[in-house]
Amino acid sequence: MSIDTGRAASFLAAHGRVLDRRRFALLTGEANPANREAVLAAVEGYRNRDGGYGWGIEPDLRAPESQPAGALHALEAIGDAGPGAAPATVRLFDWLDSVTLPDGGLPFALPVANPVACAPFWAETDSEASSLQITAGVAAQAHRVVRSDDRAGEHPWLARVTRYCFDAIDQLDEAPFAYVLSFALQFLDATADTHPEAPELLRRLQRYVPADGAVPVVGGAEGETLHLLDFAPEPGRPVRALVDDDAVAHDLDRLAAGQQADGGWAVDFTSHSEAAALEWRGYVTVSAVATLRANGR
């Protein structure tokens, strides 16, 4: 089963954010300095003077304040851009260090002054409690970035947050919430090449991964599910050892079949504004094409 990248490009041209259009151009074009710089320039549009990111880079968190979720999305795009992003990354790590709680974890979200069009779970959270979900998600993307950024890899925040994630994952003794499991698996996969404890924790989490890799989101929209390729998108990575080849092939078929008539992909969760609904479609379209191309589709 194949996809039509031309129709995907048309969907993004008609409906996508500049950030996602730039990421798509880098993904499907040449990985040259101009395309990488264009992705970084698009990310900078969401940066605040404190070094963090907000302004709706997380589509359902539209407030301008810098947020851990903003850092997650920014790091993902910086990781796409590859080498040469050290100044922005180090400034972001400085900001993350400033909002990290005493135990080494990040709060799910920081206070929002004006919650208009923000999802309630972002605006109404406890900003004084560490969240493994958001911390593991941010740390996973941070480790992906530092593979090609030695200066950022030496930042003390990275060691601090990495220790928190290992300790919190080690304490899991029952099936975690779907997003916690997905981000924990992504974090362990991202650190498996450099931290000896990661592979063993990956094996321990395997008991919570269904045979088909599909984990329902309890309390989410009807049918909302995280899939195998959400936590194991890249072939050859350690997390792929948790699932068999048939399950991967089946999920690749599912993802390829998800391209809509307009060329984009849809989401199965609830968005909290019309803008967010469209922006999420652009984001997942880039992610779908990236995953399918990485797996030879």
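Above this note sits the structure.
Here goes a summary of the coordinates provided.

**A word on the packing of helix α9 (residues 156-170) against helix α10 (residues 178-191)**
And then number 1: One can describe the packing of α9 onto α10 by two numbers: an axis separation of 11 Å at closest approach and a directional angle of 125°. As far as their axial angle goes, α10 and α9 are oblique. The chirality of how α9 crosses α10 is left-handed. Contacts from T162, C165, F166 and I169 of α9 reach α10 at A184, F187, L188 and T191.
And then number 2: In the contact of α9 with α10, the residues fall into six nonpolar, two polar and no charged.

**Re helix α4 (residues 68-81)**
And then number 1: For α4, which comprises 14 residues, the first-to-last C-alpha distance of 20 Å matches the rise-based estimate of 20 Å (1.5 Å per residue) to within 8%.
And then number 2: Taken residue by residue, α4 has P68, A69, G70, A71, L72, H73, A74, L75, E76, A77, I78 and A81 as its buried positions.
And then number 3: Phi turns positive, to about 85°, at G82, one or two residues after α4.

**Some words on helix α7 (residues 132-146)**
And then number 1: Taking 1.5 Å per residue as the helical rise, α7 with its 15 residues ought to reach 21 Å, and the 20 Å between its terminal C-alpha atoms agrees with that figure.
And then number 2: Burial within α7 is extensive, with 14 of its 15 residues counted as buried.

**Notes on unusual backbone geometry**
And then number 1: In this structure, W55 is a non-glycine residue whose phi angle is positive, near 60°.
And then number 2: As for its position among the elements, W55 is in the loop between α3 (33-44) and α4.
And then number 3: With a phi close to 65°, A117 is a non-glycine residue in the positive phi region.
And then number 4: Mapping A117 onto the fold places it in the loop between α5 (86-99) and α6 (120-123).

**A few points about the packing of helix α1 (residues 5-15) against helix α14 (residues 274-294)**
And then number 1: Relative to each other, α1 and α14 sit at 155°, their axes nearing to 10 Å. Judged by the inter-axis angle, α1 sits roughly antiparallel to α14. Of the two possible hands of crossing, α1 and α14 adopt the one that is left-handed. Between α1 and α14, the contacting residues are T5, A8, F11, L12 and H15 on the first element and L278, R281, G282, T285, V286 and V289 on the second.

**Focus on the packing of aromatic side chains**
And then number 1: Under the criterion given, the structure shown has nine aromatic pairs.
And then number 2: Ring centres of F269 and W280 lie 5.3 Å apart, and the angle between their planes is 85°; on these two criteria the pair is classed as edge-to-face. With F269 in the loop between α13 (245-257) and α14 and W280 in helix α14, this residue pair connects regions lying eleven residues apart in the sequence.
And then number 3: According to the relative accessible area criterion, F269 is partly exposed, its value standing at 23%.
And then number 4: W280 gets classed as buried once you look at its relative accessible area, which sits at 9%.
And then number 5: Put simply, the rings of F108, F121 and W122 pair up and form one aromatic cluster.

**A short note on the environment of Q206**
And then number 1: Tracing the backbone through its elements, the reader meets Q206 in the loop between α11 (197-205) and β1 (215-216).
And then number 2: Note: C-alpha distance between Q206 and A117 (89 residues apart in sequence) is 37 Å.
And then number 3: Setting aside residues up to four positions removed in sequence, Q206 forms contacts with A241 and L242.

**Notes on the pattern of salt bridges**
And then number 1: Counted according to the given criterion, the structure contains 19 salt bridges.
And then number 2: Of the charged contacts in the structure, one is a salt bridge between D80 and R144, with a shortest N-O distance of 2.6 Å. Residue D80 is located in helix α4, and its partner R144 is located in helix α7; the two are separated by 64 residues in the primary sequence.
And then number 3: Given the relative accessible area of 24%, R144 is considered partly exposed.
And then number 4: A salt bridge links D97 to R160; the nearest nitrogen and oxygen atoms lie 2.7 Å apart. Linking D97 in helix α5 with R160 in helix α9, this pair joins segments that are 63 residues apart in sequence.
And then number 5: Judged by its relative accessible area of 28%, D97 is partly exposed.
And then number 6: Each member of the salt-bridge network shares a partner with another, and the members are R17, D20, R23, E76, D80 and R144.

Conventions we followed
- Residues numbered from 1 in each chain as written.
- Predicted model: local features only at pLDDT ≥ 70, side-chain atom pairs only at ≥ 80, totals over all residues.
- Heavy atoms only, no water.
- Axes fitted to C-alpha atoms, helices over the stretch in contact; angles between N-to-C directions.
- Helix = DSSP H or I, 4+ residues; strand = E, 2+ residues; numbered from the N terminus.
- Parallel < 35°, antiparallel > 145°, perpendicular 65-115°, else oblique.
- Left-handed = near helix turned anticlockwise from the far one by under 90°.
- Contact = heavy atoms within 4.5 Å.
- Nonpolar A, V, L, I, M, F, W, Y, C, P; charged D, E, K, R; others polar.
- Expected span 1.5 Å × (residues − 1).
- Buried < 20%, exposed > 50% of the residue type's maximum accessible area, 1.4 Å probe, protein only.
- Phe/Tyr/Trp six-rings, centres within 6.5 Å; stacked < 30°, edge-to-face > 60°.
- Salt bridge = Lys/Arg side-chain N within 4 Å of Asp/Glu carboxyl O.

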